[in-house]
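Secondary and tertiary structure notes
These are the residues of each chain, in order.
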Amino acid sequence: MNAQAPIKLIDGKAAAARVLAEVAEEVREMKAGGVAPALAVVLVGHDPASQVYVRNKVLRAEECGIRSLEHKLPASTAEADLLALIRGLNADSGVNGILVQLPLPAHIDETRVLQAIDPLKDVDGFHAENVGGLSQGREVLTPCTPAGCLRLLQDTCGDLSGQHAVVIGRSNIVGKPMAALLLKAHCSVTVVHSKSANLRELCRQADIVIAAVGRPRLVDADWLKPGAVVIDVGINRIEEDGRAKLVGDVDFDSALTRAAAITPVPGGVGPMTIAFLMKNTLAAARLQHPAPSTPAQFPEAPCPSIS
Ligand code: NDP
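Residues numbered from 1 in each chain as written. Predicted model: local features only at pLDDT ≥ 70, side-chain atom pairs only at ≥ 80, totals over all residues. Heavy atoms only, no water.

1. With respect to the environment of Asp 155
This is how it is decided: The numbering of helices and of strands both runs from the N terminus, where a helix is a DSSP run of H or I of at least 4 residues and a strand a run of E of at least 2. Each residue gets one of three labels from its accessible area relative to the maximum for its type: buried under 20%, exposed over 50%, partly exposed in between, using a 1.4 Å probe on protein chains only. Only heavy atoms enter the contact rule, under which two residues are in contact if any of them lie within 4.5 Å.
Topologically, Asp 155 is positioned in helix H6 (residues 144-157). Its relative accessible area of 40% is what places Asp 155 among the partly exposed residues. Each C-alpha atom of the pair Asp 155 and Ala 15 lies 8.5 Å from the other, and the pair is 140 residues apart in sequence. Setting aside its immediate chain neighbours within four residues, Asp 155 contacts Lys 8, Ala 15 and Arg 18.

2. Comments concerning the site of the ligand
Note the following rule: A molecule or strand has a residue near it when one of that residue's heavy atoms lies within 4 Å. For this analysis, a polar contact is any N or O atom pair within 3.5 Å, provided that within protein one partner can donate a hydrogen and the other can accept it, and provided that sequence-adjacent residues contribute only side-chain to side-chain pairs. Computed by Shrake-Rupley with a 1.4 Å probe, the accessible areas treat only the displayed protein chains as cover when residues are assessed.
Close to the ligand lie 20 residues, the nearest being Arg 170, Ser 171, Ser 194, Ile 235 and Thr 273. Between the ligand and the protein, one listed contact pairs an oxygen atom with a side-chain N or O atom of Arg 170 at 2.7 Å. When the ligand is considered free in solution it has 920 Å² of accessible area, and contact with the protein chains removes 71% of it. Per element, the largest residue contribution to the shell around the ligand is three residues, and it comes from helix H10 (residues 269-288).

3. Structural notes on the domain arrangement of the protein
Using the following cut-off: An automatic or database domain assignment provides the domain bounds reported here.
Taken domain by domain, the protein holds domain 1 (30-123) and domain 2 (143-270). The C-alpha centroid of domain 2 is placed 29 Å from the C-alpha centroid of domain 1.

4. Details of helix H7 (residues 175-184)
Along H7, seven of the 10 residues are buried, which leaves the element largely enclosed by surrounding structure. Buried residues of H7: Gly 175, Pro 177, Met 178, Ala 179, Ala 180, Leu 181 and Leu 182, and no others. Considering only its buried residues, H7 is in contact with helix H5 (128-135), H6, strand S5 (164-168), strand S6 (188-192) and strand S7 (208-211). Immediately beyond the C-terminal end of H7, within one or two residues, lies His 186, with a positive phi of roughly 70°.

5. Remarks on the sheet that holds strand S3 (residues 67-73)
Convention followed: Two strands are said to pair when DSSP picks up at least two bridges between them. Lines fitted to C-alpha atoms define the axes here, with helix axes fitted over just the stretch in contact, and angles between the N-to-C directions of these axes take values from 0 to 180 degrees.
In space, the three strands of this open sheet follow the order S3-S2-S4, with parallel pairing throughout. Because the sheet does not close on itself, it has two edges, and the strands there are S3 and strand S4 (97-100). Neighbour to neighbour, the strand axes of the sheet diverge by 15° on average, direction disregarded. As judged from the four bridges shared by strand S2 (residues 38-44) and S4, these two strands associate in the parallel manner. When the bridges of S4 are listed, Ala 40 appears paired with Ile 98. Docked against the sheet, helix H3 (residues 79-91) engages S2, S3 and S4, running at close to 180° with respect to S2.

6. Section: the nonpolar core
This is how the line gets drawn: To define a nonpolar core, start from buried Ala, Val, Leu, Ile, Met, Phe, Trp, Tyr and Cys residues and group those joined through side-chain atoms within 4.5 Å.
Residues Leu 182, Ile 210, Ile 231 and Met 278 are the most contacted members of the largest nonpolar core, which totals 57 residues. Counting residues per element, this core draws most heavily on H10, at 12 residues. Of the domains in this structure, domain 1 (30-123) and domain 2 (143-270) are the two that each give at least three residues to this core. Sequence-distant contacts of Leu 182, that is, excluding residues within four places in its chain, are made with Leu 150, Leu 153, Leu 160, Ala 165, Val 167, Cys 187, Val 189 and Ile 210. Listed in part, the 19 residues of the second largest apolar core include Leu 82, Ile 108, Leu 114 and Ala 116.

7. Overview of the side chain of Ser 68
Mapped onto the elements, Ser 68 comes out in strand S3. For Ser 68, a relative accessible area of 19% corresponds to the buried category.

8. Examining the pattern of salt bridges
Defined as follows: Counted as salt bridges are all cases of a side-chain nitrogen of Lys or Arg within 4 Å of a carboxyl oxygen of Asp or Glu.
All told, the structure shown has 16 salt bridges when counted by the stated rule. For Arg 151, the salt bridge goes to Glu 22, with nearest N and O atoms at 3.6 Å. Taken together, the positions of Arg 151 in helix H6 and Glu 22 in helix H1 (residues 12-32) put the pair 129 residues apart, joining distant regions of the chain. The partly exposed category is assigned to Glu 22, whose relative accessible area is 31%. A single salt-bridge network, built from bridges that share partners, covers Glu 22, Arg 151 and Lys 279.

Printed below as a string of structure tokens:
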């Protein structure tokens with residue numbers, strides 16, 4: 001983007017409202033055709049942040065006309081019981097999407113649980129079938145946060161072909177799927193992490209910087225090329241001037257002096273994550289109920305249900 005242009009604040013709330021309106025419209029059409037999309041949300045334990053996330057997801061689902069089915073289990077729930085619940089949800093034709101809120105209590109194997117979800121109902125996009133499909137460039141259910149970031153970038157920059165993107169962070173939830181989506185959008189992608197050398201220099205070469213680190217205000221103006229577009233995924237709770245605050249992985253005020261466009265925290269990526277969860281629930285419902293005259297949306301990825 002042009003370094004001389006005024007800085008653009010990327011408004012995630014407004015973008016999310018547009019996505020949710022699209023979803024609500026499509027849900028209405030689906031219901032008229034006899035299919036009422038439903039999302040099962042499973043929460044194990046009483047982690048306060050997870051409880052807030054689940055409440056927000058349920059509220060957004062209701063706003064879109066998606067039925068939500070909450071399963072709240074005690075922290076002491078045995079892994080076998082959680083797996084049995086997931087098998088039941090897989091088999092239930094009235095459930096289109098299954099979300100297991102992370103983190104799970106330490107005695108439960110997260111990978112085993114995520115792998116137990118039917119890939120066609122895996123609205124978080126964490127099942128290996130979907131992870132593999134994404135890395136092959138197939139149309140599959142894709143992790144919500146990176147999918148939301150990609151939409152923000154496309155809304156801001158248009159075609160991303162040929163842009164150099166640096167993704168800071170290599171987690172399975174954000175960094176890796178983000179890199180796969182940017183590659184699919186024809187970017188040149190560099191992924192950096194805690195063991196990378198010359199982090200700042202690598203970042204300074206980027207047209208697009210995605211920060212998904214979990215370190216408050218790590219990235220400042222000195223890390224940015226003039227005119228870079230910055231997506232800040234980080235959500236960090238800090239104490240400052242005697243009060244609790246939410247800040248990102250980017251030093252927002254400093255980055256404003258260099259960036260062409262930037263997401264705020266809060267109000268940037270966060271709302272898009274939930275909006276894309278709703279989009280994925282709709283996509284899952286379509287996969288399970290393709291219109292008779294049209295092929296399933298992701299025809300090359302038929303996945304057997306895990307029982
Ligand atoms: P993880 O802790 O799983 O991954 C963090 C990544 O950052 C790792 O790859 C780690 O490297 C890397 N890293 C850590 N420190 C540094 C450093 N000093 N320099 C460079 N790289 C570093 O976090 P997540 O990916 O799950 O989340 C990242 C952030 O995004 C968090 O703040 C989280 O709260 C937020 N988040 C926000 C969401 C939203 O909806 N807005 C959704 C999901 C997450 P290594 O692999 O070498 O350890």
